[in-house]
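Listed below, chain by chain, are the residues.
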Amino acid sequence: MKHYLSVNDIDNLTDWVKEARDIKANPTQFKTLGEGKTICLLFFNNSLRTRLSTQKAAINLGMDVIVMNFGGEGWALEYVDGTIMDQGKAEHVKEAAQVVSQYADIIAIRAFASLEDKKQDESEEVLMAFTKYATVPIVNMESSVGHPLQALADAITLNEANTKKKPKVVLSWAPHPRALPHAVANSFVQMMQLQDADFVITHPKGYELDTRITKDSKIEHDQNKALEGADFVYVKNWSSYSDYGKVLNEDKNWTITKKKLGNAKFMHCLPVRRNVIVTDEVLDSEQSIVIEQANNRTFSAQTVLKKILENL
Amino acid sequence: MKHYLSVNDIDNLTDWVKEARDIKANPTQFKTLGEGKTICLLFFNNSLRTRLSTQKAAINLGMDVIVMNFGGEGWALEYVDGTIMDQGKAEHVKEAAQVVSQYADIIAIRAFASLEDKKQDESEEVLMAFTKYATVPIVNMESSVGHPLQALADAITLNEANTKKKPKVVLSWAPHPRALPHAVANSFVQMMQLQDADFVITHPKGYELDTRITKDSKIEHDQNKALEGADFVYVKNWSSYSDYGKVLNEDKNWTITKKKLGNAKFMHCLPVRRNVIVTDEVLDSEQSIVIEQANNRTFSAQTVLKKILENL
Amino acid sequence: MKHYLSVNDIDNLTDWVKEARDIKANPTQFKTLGEGKTICLLFFNNSLRTRLSTQKAAINLGMDVIVMNFGGEGWALEYVDGTIMDQGKAEHVKEAAQVVSQYADIIAIRAFASLEDKKQDESEEVLMAFTKYATVPIVNMESSVGHPLQALADAITLNEANTKKKPKVVLSWAPHPRALPHAVANSFVQMMQLQDADFVITHPKGYELDTRITKDSKIEHDQNKALEGADFVYVKNWSSYSDYGKVLNEDKNWTITKKKLGNAKFMHCLPVRRNVIVTDEVLDSEQSIVIEQANNRTFSAQTVLKKILENL
């Protein structure tokens, strides 16, 4: 593997999860693998879990880490080819990506969707420009379209908590006061399509995800029906995809409650808005496995970095 | 010791100062103690000395360090239980604290007083919420109520510079154009109460510190009288505690001058406003030991981290 | 060498370039030299190349690195002696410089020209104040007057790409929408004066650099004439020095094109505004060596840090 840009870069999910769990059992067993190698984390947006867990993963592998908040610390980047750069952008990504490649063995990038320009968001402008022009491997720390490090952590968490041959896993939309990107939901769906499960997506009408991603995954607009007999309920808000970036409603009937959850495990990528996405009762119960999900972010990143390092 | 939240966590000041001075004599002697351990420094406010000295202390102990400016780089945190989080706060401290605990062996936190809401400040909301929900030790890098790393550095500095069995130490208020928190003064008072000294607090009326902290420490409103025969004068501005967070006056008669100082050593936690808190003449003289105080911040932090690491 | 403040601190450019190229051939050969040593990078302005390459250089030398964005993370500094500090500045550089010296073995500083106050800019206020009050070596990561780490990287790049005994090197002004500092141009001129080359500076009238820096370097106001037979064309915008900090014109006739470049190599310190400073055609051609220039920033910094470390 050269880059880790999306869930599609996982060649064998079962093997990857197995490897991640082996790493988790002894996180520093590959401490020499990253020696003398530097990873540069470029943040174009805020981050808590990704920021800390990716650093931790790199440290566990013996790498040196350079963190940069690109927006506030660097120069505004131009992405369009052929532009006469006489406006606000000081540097073209062509140079920036090649330059950072001189100082790092791996570049990891977080650049969210704007939710304003669908076409631009779908092009994953920042991630793809760095992938095109950089001369070192690129890791996606959440792009406008996907969050594959989160999806791999989710797969690890599901694998650890699952006791059934074919569990029922539900991805449920939940209300949120602000417009949120589709990245986490997209990558979760793609990851679920790589494994054997009874997988259902549920959301109010109008919140359909990109059908090129959901493909033939089952969609059920009746949340209660979707949740029936669920083993895992993965909850996430996203804004409309068809009416791009819009909040169509904040229907509180979709908030996940203890009653709705039944005996299922509750999953969420965090940060989560309590009593909006899900009630306190659920989050504070044993059924919530969101903290373990966050913990697995380290081993998800470490698995990815290990595979890249082995290929350098 | 699990956490280092306040001066009250110092079980034996004499021993701690002795240990700190031993570490200072050979700062890397415990380089292996922190190997494979990560400290995460979370800044909710600006910092120079604390930021650099705590990193340096961790490095001296062989630890890996992750620094995060929580305000600008992460998500706005909610601290109140049971809130319906449909406003500006994206994440509850319950999750944030548990999550950071997954990536760090020790968490250090700086979160200043707002000086707007006395009750909230006195609850040390941020520090205490992390202490409650984190699953790893917490270090106070200045909370709304105390700055115990500074107080330990002050104790080391006093011990190094003192030649008397029972020195006279004066904590003097001094004028300042802006409202400042009580944290440094509070922790200095608490630390002085742990040792044998002729300790006097002096400030204009209206600037009384919390009596639950000053207890039976001597208070003298006549600054000149207080300073008579002093061996050490620790100077600090703080805003009113009774008329909470207010600047009652900026009386320049309280500025520390060479004449007022006499033969005493001058101490201040820094940053210090020259010719407002104290004259250039004092700061630029041999009697000022503020730079050594700053230097001792490293060994204060290192002593605390060492004790926590030994207990992990 | 104690400090690296300007090109004048290079005692023998030929030797330094030779040493840099030797380091580049095996970047970690002096990994033990910096062990147990800490460098603190203080940024008063944005940075991409300098930020990353200086960290990388320090890592290659085995040093620990502490990065601080002084403006946003620390306290506003006062530089004037004798000020009554009752306004916006919380700390005097006298204390700040001494204090940072307690935590670092080397301090590196970036503080750009304001382009508002010529006298203040020419005093290199921030850099010189730190140099005066710090007790450890200081490295200039671009001051108001010079960018000597860039100039050394330029010298390495010229040396690598040059095939002639006495190449023709042209420093050409080019248009830019915003007022830019003179630092890069100044240091490039000073560096060129240290070696045997046919060196020509070209710019529109009114853009004369400080004659104390250009000295007897050849100046040719006709760009086409200047570029004739050039082996290397170093392009950079700067604002007027005589009409300090002003953009006198943005004459697009000065943009470097393929035709103007001829067979010369194209150099620029980056970031570069495409199709304003230089056309895409040039930047995307084999004649551009700007990425290798950026790469050499690591070995420029590493050479400087190595020399300082050897002298500690």
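These figures come from a predicted structure and were not determined experimentally.

## Some thoughts on the overall build of chain A
Helices and strands together make up the secondary structure of chain A, namely 13 helices and 11 strands. A compact globule built from 312 residues would reach a C-alpha radius of gyration of about 20 Å, and chain A, at 19 Å, matches this within 12%. Counting only C-alpha atoms, chain A reaches 55 × 45 × 35 Å along its principal axes. When burial is assessed residue by residue, chain A has 64% of its 312 residues classed as buried. Of all intrachain contacts in chain A linking residues separated by at least 6 positions in sequence, the fraction that spans at least 24 positions is 76%. In the structure as shown, chain A presents an accessible area of about 11,300 Å², 45% of it carried by carbon and sulfur atoms.

## Focus: the relation of the copies chain B and chain C
Its rotation angle being 120 degrees, the transformation that places chain B on chain C also includes 0.0 Å of axial translation and leaves an RMSD of 0.0 Å. These values place the two chain copies in the arrangement generated by a three-fold rotation axis.

## As for the sheet that holds strand E11 (residues 265-267) of chain C
Residues and elements named next belong to chain C. With parallel pairing, five strands are arranged side by side in an open sheet as E9-E8-E7-E10-E11. Pairing within the sheet leaves two strands with one partner each, and these edge strands are strand E9 (218-219) and E11. Bridge analysis of strand E7 (residues 168-173) against strand E10 (residues 232-236) gives five bridges, and the strand direction is parallel. Directly across from Val-169, in E10, lies its bridge partner Phe-232. On the sheet, helix H7 (residues 148-161) packs against E7, E10 and E11 and is oriented at approximately 155 degrees with respect to E10. Strands E7, strand E8 (198-202) and E10 of the sheet are contacted by helix H8 (residues 183-192), whose axis makes an angle of about 165 degrees with E7.

## A short note on the pairing of strand E10 (residues 232-236) of chain A
Residues and elements named next belong to chain A. Counting buried residues in E10 gives five out of five residues, a clear majority hidden from the surface. Alternating positions in E10 separate into two faces, Phe-232, Tyr-234 and Lys-236 on one and Val-233 and Val-235 on the other, with burial throughout. Two elements, E10 and strand E11 (residues 265-267), share three bridges in a ladder whose sense is parallel. Looking at E11, one finds that Val-233 is bridged to Phe-266.

## Focus on the interface of chain A and chain B
Across the boundary between the two partners, chain A contributes 31 residues, which contact 30 residues of chain B. Taking both partners together, chain A and chain B bury about 2,700 Å²; carbon and sulfur atoms supply 56% of that area. It is A:Leu52, A:Arg273 and A:Arg274 in chain A that bury the most area against chain B; as a group they hold 23% of the surface buried on that side. One can count five salt bridges joining chain A with chain B. Taking the shortest distance from any N to any O, the salt bridge between A:Asp284 and B:Lys94 comes out at 3.0 Å. For the pair chain A and chain B, the number of links is 15 residue pairs in polar contact (both at pLDDT 80 or more). Of all the secondary-structure elements, those providing two or more residues to the side of chain A that touches chain B are helix H2 (49-60), helix H12 (280-283) and helix H13 (290-311) of chain A.

## Remarks on the UniProt feature "domain: Aspartate/ornithine carbamoyltransferase Asp/Orn-binding" (unreviewed entry) in chain A
The residues that UniProt annotates with the feature "domain: Aspartate/ornithine carbamoyltransferase Asp/Orn-binding" (unreviewed entry) are residues 184-306 of chain A. Taken end to end, residues 184-306 of chain A is 35% helix and 12% strand, and its two terminal C-alpha atoms sit 23 Å from one another.

## Comments concerning the domain arrangement of chain A
All names here are of chain A. For chain A, the assigned domains are domain 1 (7-147 + 294-311) and domain 2 (148-293). Each side of the interface is counted separately: domain 1 has 36 residues, and domain 2 has 38 residues. Broken down residue by residue, the surface that domain 1 buries against domain 2 is led by Val-7, Leu-115 and His-147, which jointly contribute 24%. Our count for the contact surface shared by domain 1 and domain 2 stands at three salt bridges. Arg-212 is the salt-bridge partner of Glu-122, the closest N and O atoms lying 3.0 Å from each other. Where domain 1 meets domain 2, there are 25 residue pairs in polar contact (both at pLDDT 80 or more). Those elements that place two or more of their residues in the side of domain 1 that touches domain 2 are helix H1 (13-25), H2, helix H5 (118-122), strand E6 (138-140) and H13. Ranked by residue count, the leading element in the side of domain 1 that touches domain 2 is H13, at nine residues. Of the residues that constitute the side of domain 1 that touches domain 2, the class distribution is 15 nonpolar, 11 polar and 10 charged.

## As for the sheet that holds strand E5 (residues 106-110) of chain A
All names here are of chain A. Read across the open sheet, the four strands follow the order E2-E1-E5-E6; overall the sheet is parallel. The open sheet has two edge strands with one neighbour each: strand E2 (64-69) and E6. Between one strand axis and the next, the sheet turns through 20 degrees on average, direction left out of account. Against the sheet, helix H6 (residues 125-133) engages strand E1 (38-43), E5 and E6, with an angle of about 165 degrees to E6.

## Section: the nonpolar core
B:Phe266, C:Leu42, C:Ile107, C:Ile109 and C:Phe130 are the most contacted members of the largest nonpolar core, which totals 52 residues. Considering each element in turn, this core owes the most residues, six residues, to helix H4 (residues 93-103) of chain C.

## Observations regarding the packing of helix H7 (residues 148-161) of chain A against helix H8 (residues 183-192) of chain A
Residue and element names in this part refer to chain A. Orientation of H7 relative to H8, taken along the N-to-C sense of each, is 50 degrees, at an axis distance of 8 Å. The angle between the axes of H7 and H8 places the two elements in the oblique class. As for the relative orientation of H7 and H8, their crossing is right-handed in sense. On H8, the residues that touch Pro-148, Gln-150, Ala-151, Asp-154, Ala-155 and Leu-158 of H7 are Val-184, Ser-187, Phe-188, Met-191 and Met-192.

## Here's the deal with the packing of aromatic side chains
The final tally for this structure, using the stated rule, is 24 aromatic pairs over all chains. Ring plane angle 80 degrees and centroid distance 6.2 Å describe the contact between B:Tyr241 and B:Tyr244, whose orientation is recorded as edge-to-face. Neither B:Tyr241 nor B:Tyr244 differs from the other in exposure class; each is buried. The side chain of A:Arg51 reaches across the aromatic face of A:Phe43, ending 4.4 Å from its centre.

Quick notes on the rules
Residues numbered from 1 in each chain as written. Chains lettered and ligands numbered in written order. Predicted model: local features only at pLDDT ≥ 70, side-chain atom pairs only at ≥ 80, totals over all residues. Heavy atoms only, no water. Helix = DSSP H or I, 4+ residues; strand = E, 2+ residues; numbered from the N terminus. Rg over C-alpha atoms; globule rule 2.2 N^0.38 Å. Buried < 20%, exposed > 50% of the residue type's maximum accessible area, 1.4 Å probe, protein only. Contact = heavy atoms within 4.5 Å. Areas by Shrake-Rupley, 256 points an atom, 1.4 Å probe, with all protein chains shown as cover. Least-squares fit on C-alpha atoms with pLDDT ≥ 70 in both. Pairing = 2+ DSSP bridges. Axes fitted to C-alpha atoms, helices over the stretch in contact; angles between N-to-C directions. Buried area = accessible area lost by both parts, 1.4 Å probe. Salt bridge = Lys/Arg side-chain N within 4 Å of Asp/Glu carboxyl O. Polar contact = N/O pair within 3.5 Å; in protein donor to acceptor, adjacent residues only side chain to side chain. UniProt positions renumbered as here; feature names shortened; annotations may be inferred. Domains from an automatic or database assignment. Nonpolar A, V, L, I, M, F, W, Y, C, P; charged D, E, K, R; others polar. Core = buried A, V, L, I, M, F, W, Y, C linked by side-chain atoms within 4.5 Å. Parallel < 35°, antiparallel > 145°, perpendicular 65-115°, else oblique. Left-handed = near helix turned anticlockwise from the far one by under 90°. Phe/Tyr/Trp six-rings, centres within 6.5 Å; stacked < 30°, edge-to-face > 60°. Lys NZ or Arg CZ within 6 Å of the ring centre and 35° of its normal.

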